[in-house]
Amino acid sequence: MILHDFRPATTPPRIKFALTPQQQMLLMPIGDVHFGAAGFPAERFQKHIAWGVERGAYFLGMGDIVDFTSRSQRGHLTQMRDSQREVVDAANAEVVEKLAALIACSKGRWIGWLEGDHFHEFLDGTTSDQRLCQALGGVFLGTSTLLELRLGHRTRRPARKENPEGCTVTVFAHHGRGGGRLMGSGLNLMEHMVKAVEADIYLMAHNHSKVTAPL
């Protein structure tokens, strides 16, 4: 698990967006995009990212951003000659470049990137997740991370009266593992994670279901 501290910029967003008056930051986890899969809704995804950028959001890559080999399939690639791997590398580099160009407006607004189980590993040892991290900014966070978001803390400028000391929000994020037929299967796994790591917010991708539960 990688530990990471993050303090958002104080630049006001183009469009103000807050669910409550106390909201300090908009966090948008983005995972299981599977860019490159057949029928990928590129325009819809681009608009989703642009919506967040306009409202000053920060993004957290939750893994499986591009659609390529799974863990077991990557083993077959090691049997290829280097010349064959170079062809595969070039094709995957092009996919990463296309995705980075599609959401270029979000460059510099990524807190970090988790590694999923669908990615390409290049001959130089880097992965497609790491290449996206290099292209769009942020920190590569491995398979799980404990983030400490420092919101509204004192800086060189005088603190605002409504928030003189700021607050700290801890986020535990994991790409996820396993599966299940029921909507709540992912939440069952999360309950075990809660016992092991103390945080304010727990995030998990991988199972493609949008479920949440308060603790």
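Below you will find a few notes about this structure. (Residues numbered from 1 in each chain as written. Predicted model: local features only at pLDDT ≥ 70, side-chain atom pairs only at ≥ 80, totals over all residues. Heavy atoms only, no water.)

**Things to note about the environment of M204**
Consideration 1: Summarising the element assignment, M204 is placed in strand 8 (residues 201–204).
Consideration 2: Sequence spacing of M204 and G176 is 28 residues, and the spatial spacing of their C-alpha atoms is 5.4 Å. (Helix = DSSP H or I, 4+ residues; strand = E, 2+ residues; numbered from the N terminus.)

**Remarks on the sheet that holds strand 4 (residues 110–113)**
Consideration 1: Strand order in the open sheet formed by four strands is 2-3-4-5, with parallel pairing between adjacent strands. In this open sheet, the two edge strands, each paired with only one partner strand, are strand 2 (27–30) and strand 5 (139–140).
Consideration 2: With four bridges joining them, strand 2 and strand 3 (residues 58–61) adopt parallel strand pairing. In the strand pairing of strand 3, M28 is matched with F59.
Consideration 3: Where helix 1 (residues 42–54) meets the sheet, it contacts strand 2 and strand 3, and its direction lies at approximately 155° from that of strand 2. (Pairing = 2+ DSSP bridges. Contact = heavy atoms within 4.5 Å. Axes fitted to C-alpha atoms, helices over the stretch in contact; angles between N-to-C directions.)

**Digging into the environment of P29**
Consideration 1: In this fold, P29 is placed in strand 2.
Consideration 2: The exposure class of P29 is partly exposed, given its relative accessible area of 37%.
Consideration 3: For the pair P29 and A205, spaced 176 residues apart in sequence, the C-alpha to C-alpha distance is 8.9 Å.
Consideration 4: Contact partners of P29, with chain neighbours within four places excluded, come to L60, M62 and L203. (Buried < 20%, exposed > 50% of the residue type's maximum accessible area, 1.4 Å probe, protein only.)

**Describing the pairing of strand 2**
Consideration 1: The two faces of strand 2 differ: M28 and I30 on one face are buried, but L27 and P29 on the other face are not.
Consideration 2: The parallel pair strand 2 and strand 3, bridged by helix 1, forms a crossover whose chirality is right-handed. (Right-handed = clockwise from strand over helix to strand, strands pointing away.)

**Structural notes on the pattern of salt bridges**
Consideration 1: Counted according to the given criterion, the structure contains seven salt bridges.
Consideration 2: For the salt bridge of E54 with R14, the shortest nitrogen-to-oxygen distance reads 3.4 Å. Within this pair, whereas E54 is found in helix 1, its partner R14 is found in the loop between strand 1 (2–6) and strand 2, the two being separated by 40 residues in sequence.
Consideration 3: Residues D124 and R131 are paired through a salt bridge, measuring 3.1 Å at the closest nitrogen-oxygen approach.
Consideration 4: A relative accessible area of 54% places D124 in the exposed class.
Consideration 5: Overlapping salt bridges, with partners in common, bring together D5, E148 and R150 in one network. (Salt bridge = Lys/Arg side-chain N within 4 Å of Asp/Glu carboxyl O.)

**Overview of the nonpolar core**
Consideration 1: Ranked by size, the top nonpolar core spans 22 residues in total, and within it F45, L99, I103 and L132 carry the most contacts.
Consideration 2: Listed by contribution, the elements that provide at least two residues to this core are strand 2, helix 1, helix 3 (82–102), strand 4 and helix 4 (128–136).
Consideration 3: Setting aside chain neighbours within four positions, we find I103 in contact with F45, I49, W110 and L136. (Core = buried A, V, L, I, M, F, W, Y, C linked by side-chain atoms within 4.5 Å.)

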